[in-house]
Amino acid sequence: MFTTVSASATGGDLRQAMALSAAGELRAALAMLDQDQNLLSRQLEGALSPGEIDARLLRIDLLRRLGSLARADNELTALQDYFGSLSAAVPAQVAQAQRQRALLYYREGATRQASAAIARALEWEGSLPPALLGQLRNDEALIMQREGDHRAAIEGFRAAAELAPDDSSRVIYRVNSARAMLDDGRVEDALVTARQIADALDQLPIDAPGRARMALASLYRKAVNEFGADASYRLAALEQLQRAGEMQDVKPRTRSMLNGYIAELYADDRQYDAAVIYAQRALQYANQVQVDGLEYRWEWVLARSFGELGNTRDSLDAYARAVASLRTLRSNLESLDPDTFTDVVQPLYYSYADALLTQSAIEAEADEKQKLLRDARFALEELKLAEVQDYFDEQCVGDESVVLDQLAGNAAVLYPVVLATRLELLLTTASGIHQITVPVERSRLIARIRDFRLNLEVDNGTDGYLAHGRQLYDWLIKPLVSVLEMHGIATLVVVPDGALRTIPLAALHDGDSFLVEHYALATTPGLTLLDPKPFSGESYRTLAGGLSESVQGFAALPSVDRELRTLRESLSANVLQNQAFTLPEVRSELANGEYSIVHFATHGQFGSSYDDSFLLTYDDKFLITDLGRTIQSRAAASGTLELLVLSACETAAGDDRAALGLAGVALKAGARSALATLWEVDDKATVEVVSEFYAQLASGNVSKAQGLREAQVKLINDPSNQHPSKWAPFLLIGNWL
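Calculation rules
Residues numbered from 1 in each chain as written. Predicted model: local features only at pLDDT ≥ 70, side-chain atom pairs only at ≥ 80, totals over all residues. Heavy atoms only, no water. Helix = DSSP H or I, 4+ residues; strand = E, 2+ residues; numbered from the N terminus. Contact = heavy atoms within 4.5 Å. 1 Å grid on protein atoms, 1.4 Å probe; cavity = no way out; pocket = protein on both sides within 12 Å on 5 of 7 lines; lining within 4 Å. Points joined across faces, edges and corners; volume = space filled by probe spheres on them. Buried < 20%, exposed > 50% of the residue type's maximum accessible area, 1.4 Å probe, protein only. Lys, Arg positive; Asp, Glu negative; His and termini not counted. Salt bridge = Lys/Arg side-chain N within 4 Å of Asp/Glu carboxyl O. Polar contact = N/O pair within 3.5 Å; in protein donor to acceptor, adjacent residues only side chain to side chain. Phe/Tyr/Trp six-rings, centres within 6.5 Å; stacked < 30°, edge-to-face > 60°. Lys NZ or Arg CZ within 6 Å of the ring centre and 35° of its normal. Pairing = 2+ DSSP bridges. Axes fitted to C-alpha atoms, helices over the stretch in contact; angles between N-to-C directions. Parallel < 35°, antiparallel > 145°, perpendicular 65-115°, else oblique. Left-handed = near helix turned anticlockwise from the far one by under 90°. Nonpolar A, V, L, I, M, F, W, Y, C, P; charged D, E, K, R; others polar. Expected span 1.5 Å × (residues − 1). pLDDT = per-residue confidence, 0-100.

**Brief notes about the side chain of Glu642**
Stage number 1. Note that Glu642 resides in strand E12 (residues 641-646).
Stage number 2. In contact with Glu642, other than residues within four places in its own chain, are Phe535, Tyr540, Ser596, Arg672, Ser673 and Lys704.

Right, here's the structure in full:
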């Protein structure tokens, strides 16, 4: 909750805005502040009254909570600069500004910077009121909890509770402490603390703030659903919510939350008729006010409950409304909270796709079946886009789109959808979408994927990878062969799901040969992200750069000499090598040169965050996000980058997000296609693959996917290079034409 120091200067508007903010009416509170034209128009010059500063701090808080992070950041920066110009500032207001800075960092997942901002706020500890100090200790503990230091978080929450100025805040902090106990595996300690909190709440007046009771109910639900506590604690949660509903003057937003939480409890307990009733009430209250982030949640409860009751049509309609509500919410936010994607976006879209695919599998009417499959595919496409946006922390990534049914030539698109109890294969050909269900559990499939990658990555003189490759072929490809043959498919474009991003499908094996010996292959994070135009085979301006020497502790890549020499000779490339391959020089060439092909032969690493992903230059590291910005900053006259080649990349085995970053690199860089590797390949084999790939493209008769296939098959037929560790990790990402 936001705490201010003074409301004297702006009078009633600030007090009303504070009350609305405390009640969760964020947009109404912001609108109340925006009515004060003096506040909006006055520059941060001269002396501001304490009330005017409080109003600005509250406005920053509201903008942050509403997801307008850039605006909040800009206004906070201006206010902090103003504080810096004063000979003396009010300690509580300076500390509150630092707290807002910490919360902005926390929202972005930057816990280290958030912790540093809290520490700067606490430098004023001796001059801060207990309420603000309690907030800072609570925030500090939340950061520790996100970093996994649950013991320190528990103590931090206890310290915050001792400083709390009122019963409601004290209960919230104690509930936070109990939640940290759960995360630390101390389930019984958490429940003992929860019961103590419940007893304390029962001693308070009936109209005590309901936020504390809702927090306690949430704790009980988490204990049952995630930590196996006795189901009777659901009843304890229900009692807390009912008591909160008995308060006087409960706002519609709070009524919506209370009914929605009760609906979730009934759904957890498989009382779906009751869950429907309460979810519908929650939606009615939500519709009375402008509520952010609630509608999708209650529609989701409705969807699950209708589905369990056998009411398929109402279930699918509710899912569609939930997804539409979440889509609107995401479009209004500049970025999502780090936990929102894994806790909300991903499970909701998978649940919707699961429901659609379950119905399409039993649908007899052909047109209706195709509609259900298209809806499922569209939902999955939205999820793929959301995944890339979450990885790169940008809502605007991926504006280009294509209609999947308008595929070029003899290509088919494969969506493997990994669900809890089955694998769904959606294969799009010229005749429509084909659905094949494979009865394999997610855990078993992922275990096989992990084993395949580990056995494939290193040539240890054995063929231990073959059994895993054969099993994955039987699950992923064998059920499709008859359809692929019937349609004369030559290129298979795969939109990999989850762990499937970490392996090269080219190395799947049917017992006689590798998959790439039968089909040209391409991968993409999602087909709505592509602009599929053919590579004409004409001469393109090329920038090539790389390192053959050992720098910054990374091993030398001796064959890079030959790789870059080949590019200079075959493509007349402008080459930057070793000492010339510096970060400033690369940036300058990318920003100012009109290149259609960019080829980097240097160490590259992709991590779980794009902040951890980079290409090595002679003097520095070129962050992938910086690479994307630099390429996209080129003049419009330069045209689209046709091909980005990263020939010595690696992603950690088992790191699905790192592989997602690799798959999204073409999109981030604004390139039509990228050629990159899942792991660092023997550099002599790299030269063979790259040289043959460019030779194939130069002929003008093959697509990029076909060119890569020819290069890989050439190595398969070479006894010294036939192990898939040397040719399989090359992925063509994006436009396959």
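The discussion continues.
**Notes on empty space enclosed by the protein**
Stage number 1. Summed over all chains, the structure comprises two cavities of 30 Å³ or more.
Stage number 2. Of the volumes computed, that of the largest cavity is approximately 230 Å³.
Stage number 3. Along its surface, the largest cavity is lined by 22 residues, and Ile503, Leu505, Ala522, Thr523 and Leu731 are the ones closest to its centre.
Stage number 4. Elements with a minimum of two residues in the lining of the largest cavity: strand E5 (520-523), helix H26 (656-663), helix H29 (704-716) and strand E15 (730-734).

**Side note on the side chain of Glu589**
Stage number 1. Position of Glu589 relative to the elements: it lies in helix H24 (residues 583-592).
Stage number 2. Buried charge without a salt bridge: Glu589, with Arg541 as the nearest opposite-charge side chain at an N-O distance of 5.8 Å.
Stage number 3. Polar contacts involving the side chain of Glu589 include one to the side chain of Asn574, which spans 3.4 Å.
Stage number 4. Not counting residues up to four positions away in its chain, the partners in contact with Glu589 are Leu543, Asn574, Leu576 and Tyr595.

**With respect to the packing of aromatic side chains**
Stage number 1. Under the definition given, this model contains ten aromatic pairs.
Stage number 2. Plain terms: the ring middles of Phe554 and Phe614 are 6.2 Å apart, the flat faces sit at 80° to each other, and that makes the pair edge-to-face. Here the residue Phe554 occupies a position in the loop between strand E6 (542-546) and helix H23 (560-571), and Phe614 occupies one in strand E10 (residues 614-616), the gap between them amounting to 60 residues.
Stage number 3. On the basis of relative accessible area, Phe554 is assigned to the buried category, the value being 17%.
Stage number 4. On the accessibility criterion, Phe614 (8% relative accessible area) is buried.
Stage number 5. Taking NZ or CZ as reference, Arg146 lies 3.8 Å from the ring centre of Tyr106, over its face.
Stage number 6. Lying over the aromatic face of Phe614, Lys621 brings its terminal NZ or CZ to 4.7 Å of the ring centre.

**Structural notes on the pairing of E12**
Stage number 1. Burial analysis of E12 places six of its six residues in the buried class, the great majority of the element.
Stage number 2. Examined bridge by bridge, strand E8 (residues 597-601) and E12 share four bridges and lie parallel to one another. Looking at E12, one finds that Ile597 is bridged to Leu643.
Stage number 3. Note: E12 against strand E14 (residues 671-677), five bridges, orientation parallel. Residue pairing across strands places Val645 opposite Leu675, the latter belonging to E14.

**Remarks on the packing of helix H17 (residues 312-331) against helix H18 (residues 340-362)**
Helix packing for two helices is described by the angle between their axes and how far apart those axes are.
Stage number 1. H18 packs onto H17 with a crossing angle of 150° between their chain directions and a minimal axis gap of 10 Å. As the angle between them shows, H17 and H18 are arranged roughly antiparallel. Classified by chirality, the crossing of H18 by H17 is left-handed. Contact residues: H17 offers Thr312, Leu316, Tyr319, Ala320, Ala322, Val323, Leu326 and Arg330, while H18 offers Val344, Val345, Leu348, Tyr349, Ser351, Tyr352, Ala355, Leu356 and Gln359.
Stage number 2. Taken together, the residues of the contact of H17 with H18 sort by class into 13 nonpolar, three polar and one charged.

**Examining the pairing of E5**
Stage number 1. Here E5 shows no split at all, with Ala520 and Ala522 on one side and Leu521 and Thr523 on the other all buried.
Stage number 2. As judged from the four bridges shared by strand E4 (residues 491-494) and E5, these two strands associate in the parallel manner. Across the sheet, residue Val493 finds its bridge partner in E5, namely Ala522.

**Looking at helix H14 (residues 252-268)**
Stage number 1. Look at H14: 24 Å from first C-alpha to last across 17 residues, which is about the 24 Å you get at 1.5 Å a residue.
Stage number 2. Most of H14 is tucked away: 15 of the 17 residues are buried.

**As for the confidence of the model for the protein chain**
Stage number 1. Residues at a pLDDT of 70 or more form 91% of the protein chain, whose mean pLDDT is 88.
Stage number 2. Confidence, expressed as mean pLDDT per element, reaches its minimum in the protein chain at helix H3 (residues 37-41) with 56 and its maximum at helix H21 (residues 465-476) with 97.
Stage number 3. Note on residues 1-9: pLDDT under 50 across the span, and 29 contacts to partners over four residues away in sequence or across chains.

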